[in-house]
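As a plain string of letters, each chain reads:
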Amino acid sequence: MSLQAQSRGFIPYFSGRLGFLGLGLAYVLLVTVCIATLAHENELSLGRNPVANLLKTAGEFAHPSFLDVWFGNTHLEYKSDDGTVLRVENRQEVELDYLAGLGRATWTTIRIATLGSLLGALLALPLAVLTARNLAAPRLFAWVSKGILDVARSIHTLVFGLVLVGIVGLGPTAGILAIGLHSMGTYGKLFAEAIEALDMAAIDAVRSVGATPDQVFFNAVWPAVLPQFVSSHLYVWEFNIRDSTILGLIGAGGLGLLITEATALFQWGRLATVLIVIVLMVSAFDAVSRRIRKALS
């Protein structure tokens, strides 16, 4: 039985209000089972003194460390239990040095996301062409291409990163490759769907004059899907900027390393500073990408 025939016989069971009610009840049942099993395993504990810990953490987050550049103690003394002065530091200078390192880490994160996104798009394009059903690629090639894209999309960026750090070592290269391999799956799906949405009349017209597959692609397919490809690239690129901020957790460089250091040392003020930078960076890129997408529409 074909997939279309199966879907015709299957959809009526989940159509209409009764079908929606059935799906809603199934979802409620799943949520109930999840909560009940976690409670039975005693995995829903909030720990000791959750309210006090929340207030303490929120208070430290409310004072991002970058404020010390202007308001920090210039003669901060660190003392032992018996009152002996261990060291004295100028918090303004220390935090200024930290912000310089934060700037370098931010630039590394942007480079990882940019190059990884470009790599993923380039790898995905030929696979998307083979996967698009309306271009009628050989079935074996279509299946293999779809399988590669599904696998790449299913494996998280961090998993790729863990493997690649072991292969190429610590540093941005592992992050770029991890972003590229995972993004390849997302790009491939978006690109293939854009191709499948094309009006086949123009493609058939080019084929009818004896054009080769390459000529069909560059004369009928590419000009029509280019705006959608650019829009998809901007969307995935923006997502990868967020995703690449955590790759430092596994040694791939960038802001993730600073996040790891701040959380390991419970330096919530510095973590707040890093998170502010991430929010500003993503918001700025989102504003730019919106303008570009608007210009293409």
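None of the values given here were measured: they were computed from a predicted structure. (Residues numbered from 1 in each chain as written. Predicted model: local features only at pLDDT ≥ 70, side-chain atom pairs only at ≥ 80, totals over all residues. Heavy atoms only, no water.)

Caption draft 1: The arrangement of the side chain of S65 in detail. Summarising the element assignment, S65 is placed in the loop between α3 (50-61) and α4 (68-71). Side chain to side chain, S65 and E95 meet in a polar contact 2.8 Å long. For S65, the side chain forms a polar contact with the side chain of T273, separated by 2.9 Å. (Helix = DSSP H or I, 4+ residues; strand = E, 2+ residues; numbered from the N terminus. Polar contact = N/O pair within 3.5 Å; in protein donor to acceptor, adjacent residues only side chain to side chain.)

Caption draft 2: Structural context of the nonpolar core. Counting residues in hydrophobic clusters, the biggest one holds 25 residues, and the most contacted among them are F191, I195, I203 and V221. Going through the elements one at a time, α5 (91-131), α6 (139-154), α8 (172-196), α9 (200-208) and α10 (213-244) are the ones with two or more residues in this core. With seven residues, the top contributor of residues to this core is α10. Setting aside its immediate chain neighbours within four residues, V221 contacts L135, I195, L198, I203 and V216. (Core = buried A, V, L, I, M, F, W, Y, C linked by side-chain atoms within 4.5 Å. Buried < 20%, exposed > 50% of the residue type's maximum accessible area, 1.4 Å probe, protein only. Contact = heavy atoms within 4.5 Å.)

Caption draft 3: Expanded view of the packing of α9 against α10. Put simply, α9 and α10 touch, their axes get as near as 9 Å, and they point 145° apart. With respect to the hand of their crossing, α9 and α10 are arranged in right-handed fashion. Residues A202, I203, V206 and R207 of α9 lie in contact with α10, whose contacting residues are Q215, V216, A220 and V221. Residues belonging to the contact of α9 with α10 are distributed by class as follows: six nonpolar, one polar and one charged. (Axes fitted to C-alpha atoms, helices over the stretch in contact; angles between N-to-C directions. Left-handed = near helix turned anticlockwise from the far one by under 90°. Nonpolar A, V, L, I, M, F, W, Y, C, P; charged D, E, K, R; others polar.)

Caption draft 4: Spatial organisation of the pattern of salt bridges. One pass over the full model with this rule turns up seven salt bridges. Between K146 and D150 there is a salt bridge whose closest N-O contact spans 3.0 Å. Taken as a pair, K146 and D150 lie in helix α6 at a separation of four residues, close to a single helical turn. Taking the relative accessible area as the measure of exposure, D150 reaches 25% and is therefore partly exposed. (Salt bridge = Lys/Arg side-chain N within 4 Å of Asp/Glu carboxyl O.)

Caption draft 5: Inspection of the environment of A174 at higher detail. The topology assignment puts A174 in helix α8. Those residues in contact with A174 that lie beyond four places of it in its chain are L164, V165, V168 and G169.

Caption draft 6: Inspection of the environment of W143 at higher detail. When you line up the elements, W143 lands in helix α6. Sequence spacing of W143 and L158 is 15 residues, and the spatial spacing of their C-alpha atoms is 26 Å.

Caption draft 7: The arrangement of helix α12 (residues 268-296) in detail. The end-to-end C-alpha distance of α12, which contains 29 residues, comes to 42 Å, matching closely the 42 Å that a straight helix rising 1.5 Å per residue would cover. All buried positions along α12 are accounted for by W268, G269, R270, L271, A272, T273, V274, I278, M281, V282, F285 and S289. Buried residues along α12 sit in contact with α3, α5, α10 and α11 (255-264). (Expected span 1.5 Å × (residues − 1).)

Caption draft 8: Broad picture of a nonpolar patch on the surface. On the surface, Y27, V28, L30, V31, I35, L38 and L44 cluster together into a nonpolar patch covering about 650 Å² of accessible area. Within the secondary structure, L44 sits in the loop between α2 (16-40) and α3. With a relative accessible area of 46%, L44 lands in the partly exposed category. (Patch = residues over 30% accessible without salt bridge, like charges linked within 9 Å, V, L, I, M, F, W, Y side chains within 5 Å. Areas by Shrake-Rupley, 256 points an atom, 1.4 Å probe, with all protein chains shown as cover.)

Caption draft 9: Spotlight on the packing of aromatic side chains. One pass over the full model with this rule turns up four aromatic pairs. A centroid spacing of 4.2 Å and a plane angle of 25° characterise the contact between F191 and F229, whose relative ring orientation is stacked. With a gap of 38 residues between them, F191 in helix α8 and F229 in helix α10 connect regions that are remote in the sequence. For the pair F191 and F229, a shared accessibility class is recorded, and that class is buried. With centroids separated by 4.8 Å and ring planes inclined at 70°, the aromatic side chains of W237 and F285 adopt a geometry described as edge-to-face. One end of the pair, W237, is in helix α10; the other, F285, is in helix α12, with 48 residues separating them in the sequence. Taking the relative accessible area as the measure of exposure, W237 reaches 22% and is therefore partly exposed. If you follow R270 out to its NZ or CZ, it ends over the ring of Y98, 4.1 Å from the centre. (Phe/Tyr/Trp six-rings, centres within 6.5 Å; stacked < 30°, edge-to-face > 60°. Lys NZ or Arg CZ within 6 Å of the ring centre and 35° of its normal.)

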